[in-house]
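Examining the three-dimensional arrangement
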Amino acid sequence: MAYYDQHVHTYFSFDSDAQFEDYLAQTQQPLVTTEHLEFGNPDDGQRDDQPDYHAYKNRIAALSAQYPQDILRGIEVGYNPNRVADIRTYLAAGDYDLTLLSFHHNGRFDYQDHYFLEQDKQTVVQDYYRDMLAGLRDFHDADVLAHFDYGVRILEVTPDELAAWAGPELRAIFDLAVQYGLAFELNTKSMFRWENLPLYEYAIPLYLAAGGTRFTIGSDAHRSDAFQNHFDEAKALLKRNGVTSLTVYRKHEASSVTF
Ligand SMILES: [Zn+2]
Ligand SMILES: [Zn+2]
């Protein structure tokens, strides 16, 4: 089996209209979608964005009868310190193959909000990683730490700045990720659309140094034309770091795919 995209959104996410069929048409591999679960979402008027699990499950069951490949269920949990009980209740009511864990907002603003462009860059970076570290201690019931750089996507941060402002926090974050068995995601949207490839070049060795062995690649597609974008470049970056396998998940069970 070849590696396949493990960060994909459809219309079950608040910010996507993508259809399953448009992804399925592009691959013979299993398809997994990872829909947003975001309680009190600042990017959506503080709404509780939660996929309709029964509709999602039924849609996948219907498609599975029509398509040869396996269609797997996934979720992207957006951490919210005030809503952890709600997150746990929601997750307990469904069965997933794959859970991504994401840090998207500070309670008031999504980190892609232009609000952050007007703040002191160093403070934003320090706050983001301090909050991520505290969040990870609080909640880590997931398979993959998604886009570790989400909070600095819209900022121009160099690896040297990241190291100076948040190096110790990042080391502690990756120590915890390894302790909790979380994979490191190469988010190709962050790396190429948001030009954070240098930050991944900095972070991958830190995760490896912490003892991390599990890597995933995700396009973070919200439209079908972004599906599996830049995967060759992401694989090349892993190879430069001596990594030769990727991890895929079924029923949260990790297995290794050589590439
Ligand atoms: Zn995300
Ligand atoms: Zn996503």
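Residues numbered from 1 in each chain as written. Chains lettered and ligands numbered in written order. Predicted model: local features only at pLDDT ≥ 70, side-chain atom pairs only at ≥ 80, totals over all residues. Heavy atoms only, no water.

Short version of the rule: UniProt positions are given in the numbering used here, feature names are shortened, and annotations may be inferred rather than shown by experiment.
Identification of the chain as Histidinol-phosphatase from Lacticaseibacillus pabuli is taken from an unreviewed UniProt entry. One UniProt comment on the chain, placed under Pathway (unreviewed entry), says "Amino-acid biosynthesis; L-histidine biosynthesis; L-histidine from 5-phospho-alpha-D-ribose 1-diphosphate: step 8/9." Quoted verbatim from the Catalytic activity (unreviewed entry) field of the UniProt record, the comment on the chain reads "L-histidinol phosphate + H2O = L-histidinol + phosphate".

**Overview of the coordination of the zinc ion (ligand 1)**
How we decide: As a rule, N, O and S atoms within 2.8 Å of a metal are its donors, except that Na, K and Ca use 3.2 Å; water is not among the atoms, so sites may look incomplete. Here a helix means four or more residues in a row that DSSP labels H or I, a strand means two or more in a row labelled E, and each is numbered from the N terminus. Accessible area is worked out with a 1.4 Å probe on protein chains only. A residue is then buried under 20% of its type maximum, exposed over 50%, and partly exposed in between.
Those donors, Glu76 (OE), His104 (NE2) and His147 (NE2), are the protein atoms that reach the zinc ion (ligand 1), and they lie 2.0 to 2.2 Å from it. Between the donor residues of the zinc ion (ligand 1), the gaps in sequence give the motif E-x27-H-x42-H. Distance-wise, the zinc ion (ligand 2) is placed 3.4 Å from the zinc ion (ligand 1), both being coordinated by Glu76. One end of the pair, Glu76, is in strand 3 (residues 71-78); the other, His104, is in the loop between strand 4 (98-102) and helix 4 (121-138), and 28 residues separate them in sequence. Residue classification places His104 among the buried positions, given a relative accessible area of 4%.

**A closer look at the sheet that holds strand 6 (residues 183-187)**
The strands making up a sheet associate through backbone hydrogen bonding, with each pair oriented either parallel or antiparallel. What counts here: Only strands that DSSP links by at least two bridges are regarded as paired with each other. Should any heavy atoms of two residues lie within 4.5 Å, those residues are counted as being in contact. With axes taken as lines fitted to C-alpha atoms, and helix axes fitted only over the stretch in contact, angles between N-to-C directions fall between 0 and 180 degrees.
With mixed pairing, seven strands are arranged side by side in an open sheet as 2-1-3-4-5-6-7. Every other strand in the sheet has two partners, leaving strand 2 (47-49) and strand 7 (215-218) as the edge strands with one partner each. Examined bridge by bridge, strand 3 and strand 4 share five bridges and lie parallel to one another. Bridging across to strand 4, Val77 finds its partner in Leu101. Along the sheet, helix 8 (residues 231-240) makes contact with strand 6 and strand 7, crossing strand 7 at roughly 160 degrees.

**Some details on the nonpolar core**
So the rule is basically this: Nine residue types can take part in a nonpolar core, namely buried Ala, Val, Leu, Ile, Met, Phe, Trp, Tyr and Cys, and a core is a set of them joined through side-chain atoms within 4.5 Å.
In this structure, Tyr129, Phe148, Leu162, Phe174, Phe184 and Leu186 are the most contacted members of the largest nonpolar core, which totals 71 residues. Of all the elements, helix 5 (residues 159-179) adds the most residues to this core, at eight residues. If we ignore the near neighbours within four places in the chain, the residues touching Phe148 are Tyr128, Tyr129, Met132, Leu162, Leu170, Phe174, Phe184, Leu199, Tyr200 and Ala203. With 13 residues, the next largest nonpolar core counts Leu31, Tyr56, Leu63 and Phe227 among its residues.

**Considerations on the side chain of Arg73**
As a reminder of what qualifies: This count recognises Lys and Arg as positive and Asp and Glu as negative, with His and chain-terminal groups excluded. Whenever Lys or Arg places a side-chain nitrogen within 4 Å of a carboxyl oxygen from Asp or Glu, that contact is recorded as a salt bridge.
Looking at where Arg73 falls in the secondary structure, it is placed in strand 3. The buried charged residue Arg73 lacks any salt bridge partner; its closest oppositely charged side chain belongs to Asp95, at an N-O distance of 4.7 Å.

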